[in-house]
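Spelled out from the first residue to the last, the chains are:
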Amino acid sequence: VRFVSLKGPVFAEALGLASQGQTLVVVRLQQHSVVWSAQVDSDSEKASEPRGDAPSEAAQFAEWVAEHHVKLVETITQENFQKKLGSGLPAMLLFRDDSAASDSVQRALYKTAAHFKGVLNVCSVNGARYQKLAVKLGVNPHTIPAVVIVDVANQTQFVFPPAAPLVQDRVFAFASRVLAGEEACTLRSALAPAYQEGPVYTLVADRFGAAVLDPAKDVVVHFHAKWCGFCNLFAPTYTQLALHLANVDTVAFYDFDCSDNDPDPSLNISAFPTVMLFSSHNKTAVTYMGDRSVPLMAKFIQQHVGNKMEMMPDGVMTDTLTALRIRTAIENVKNSISHT
């Protein structure tokens with residue numbers, strides 16, 4: 001709260017107040033002014049003395065200010081959590097502790113909070129108590145203080161660059177870019193396994209683009225979550241599908257765990273499990289919508305891949321190039337036998 005003394009009738013007239021006496025006013029950004037009703041006689045320099053047990057005028061004024069002022073940066077609690085994050089507005093969250101560094105960063109948020117009031121909720125969060133929330137939003141809980149903007153409506157988050165200083169102008173510029181749609185959202189990513197054996201490989205967010213956009217491969221991705229019971233039931237079938245097409249060298253099968261990784265928002269993953277095929281032809285995602293059985297999913301893949309597949313005489317599915325090599329090898333063997 002900032003107290004400012006304005007002298008002269010011009011200020012009173014600008015605020016729509018009587019010019020006689022002194023009136024105390026609280027002006028709040030993007031809201032109507034709230035006027036303190038007590039009037040002090042201009043001929044008297046002292047406020048009236050309190051009578052008996054009645055609170056002094058100063059105490060009444062302090063209580064009035066506490067009632068009407070609006071905090072620029074509110075603290076997230078269990079009581080207001082849903083109100084602040086479920087209001088439909090994006091929220092800037094400062095994960096903080098009791099250090100002087102956190103106090104300094106919180107003061108650096110005031111400009112952003114005042115400028116974007118009504119557009120962006122700016123709040124502080126106890127980093128220790130809400131550590132799981134920090135991790136879920138892609139914030140390293142060991143790098144507090146940290147700032148992230150959460151857009152619940154679009155299920156995206158934007159983490160302030162950890163290496164950049166958390167100062168007023170940089171925070172303001174960051175918020176401006178996010179609200180203008182000029183900042184790329186932050187995608188959480190687990191660590192990629194050091195070694196993997198197929199036929200299904202683990203895919204993390206940091207490696208998603210490189211794997212999916214491989215021009216030599218048709219890529220099948222199973223998006224799932226640890227808490228999803230249907231995903232756990234489907235997992236063995238998905239492995240059987242990968243084994244069924246294990247001889248197709250041009251098709252790669254991946255698991256993408258959305259519990260620890262964020263999928264690209266443009267994919268619009270809204271349900272689990274979801275199976276998508278990224279064709280080598282144009283890399284446009286095609287979602288499988290049929291019955292989750294091996295024969296039907298294999299047929300779907302065969303219809304949409306960029307690298308064609310064919311069935312060998314022994315019933316094994318393979319890619320066209322491998323099939324050509326096998327047929328050539330068979331013909332060579334037949335020719336060698338016929339000439340002996």
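Structure shown above.
Computed from a predicted model, the values in this text were never measured in an experiment.

What follows deals with the sheet that holds strand E11 (residues 274-278). One open sheet holds the five strands; their spatial order is E8-E10-E9-E11-E12, and the pairing between them is mixed. Only two strands of the sheet have a single partner each, and these edge strands are strand E8 (200-202) and strand E12 (285-287). Here the strands of the sheet are splayed against their neighbours by 30° on average, with no regard to which way each runs. Inspection of the sheet shows strand E9 (residues 218-224) paired to E11 by five bridges, in the antiparallel sense. Paired with valine 219 across the two strands is phenylalanine 278, which belongs to E11. Lying over the sheet, helix H8 (residues 205-212) contacts E9, strand E10 (251-257) and E11, oriented at roughly 155° with respect to E9.

In this section: the nonpolar core. The biggest cluster of nonpolar side chains holds 21 residues, and the ones touching the most others in it are Val220, Leu241, Leu245, Phe253, Ile301 and Met309. For this core, the secondary-structure elements that each account for two or more residues are helix H9 (229-244), E10, E11 and helix H10 (294-304). In terms of residues, this core owes the most to one element, H10, which gives five residues.

Here we take up helix H4 (residues 100-108). All of the buried residues in H4 are Ser102, Val105, Gln106 and Ala108. Down the axis of H4, the buried side of the element spans an arc of 155°, and every buried residue falls inside it. The inward-facing, buried residues of H4 contact strand E4 (91-96), helix H5 (110-115), strand E5 (121-126), strand E6 (146-151) and helix H7 (168-179).

Let's shift gears to unusual backbone geometry. Going from glycine 198 to proline 199, the amide bond is cis rather than trans, its omega being 10°. Relative to the helices and strands, proline 199 resides in the loop between H7 and E8. We note that asparagine 268 has phi near 55°; this positive angle belongs to a residue other than glycine. Mapped onto the fold, asparagine 268 is located in the loop between E10 and E11. Its relative accessible area of 60% is what places asparagine 268 among the exposed residues.

Side-chain pairs of opposite charge can arise whenever the charged atoms involved come near each other. This model, assessed by the stated rule, comprises eight salt bridges. Close ionic contact of aspartate 262 with arginine 188 constitutes a salt bridge, the shortest N to O distance being 3.0 Å. Placement of the pair is aspartate 262 in the loop between E10 and E11 and arginine 188 in the loop between H7 and E8, with a sequence separation of 74 residues. Shared partners join several salt bridges into a network, and the residues in it are Lys226, Asp257 and Asp260.

This brings us to the layout of surface pockets. The volume enclosed by the second largest pocket comes to roughly 920 Å³. Lining the second largest pocket are 33 residues, and of these Lys136, Gln155, Thr156, Gln157 and Asp262 lie nearest its centre. Taken together, the elements giving at least two residues each to the lining of the second largest pocket come down to helix H3 (81-85), helix H6 (131-136), E6 and strand E7 (156-159). Classifying every residue of the lining of the second largest pocket by side-chain character gives 17 nonpolar, eleven polar and five charged.

Residues that lie three or four places apart on an α-helix share one face, since the helix turns once every 3.6 residues. For H7, spanning twelve residues, the distance from its first C-alpha to its last is 17 Å, which sits close to the expected 16 Å at 1.5 Å a residue. Looking at the packing, one finds that the buried side of H7 touches E4, H5, E6 and E7. Once H7 finishes, glycine 181 follows within two positions and takes phi at roughly 75°, a positive value.

Rules behind the numbers
- Residues numbered from 1 in each chain as written.
- Predicted model: local features only at pLDDT ≥ 70, side-chain atom pairs only at ≥ 80, totals over all residues.
- Heavy atoms only, no water.
- Pairing = 2+ DSSP bridges.
- Helix = DSSP H or I, 4+ residues; strand = E, 2+ residues; numbered from the N terminus.
- Axes fitted to C-alpha atoms, helices over the stretch in contact; angles between N-to-C directions.
- Contact = heavy atoms within 4.5 Å.
- Core = buried A, V, L, I, M, F, W, Y, C linked by side-chain atoms within 4.5 Å.
- Buried < 20%, exposed > 50% of the residue type's maximum accessible area, 1.4 Å probe, protein only.
- Arc of directions from axis to C-beta.
- Salt bridge = Lys/Arg side-chain N within 4 Å of Asp/Glu carboxyl O.
- 1 Å grid on protein atoms, 1.4 Å probe; cavity = no way out; pocket = protein on both sides within 12 Å on 5 of 7 lines; lining within 4 Å.
- Points joined across faces, edges and corners; volume = space filled by probe spheres on them.
- Nonpolar A, V, L, I, M, F, W, Y, C, P; charged D, E, K, R; others polar.
- Expected span 1.5 Å × (residues − 1).

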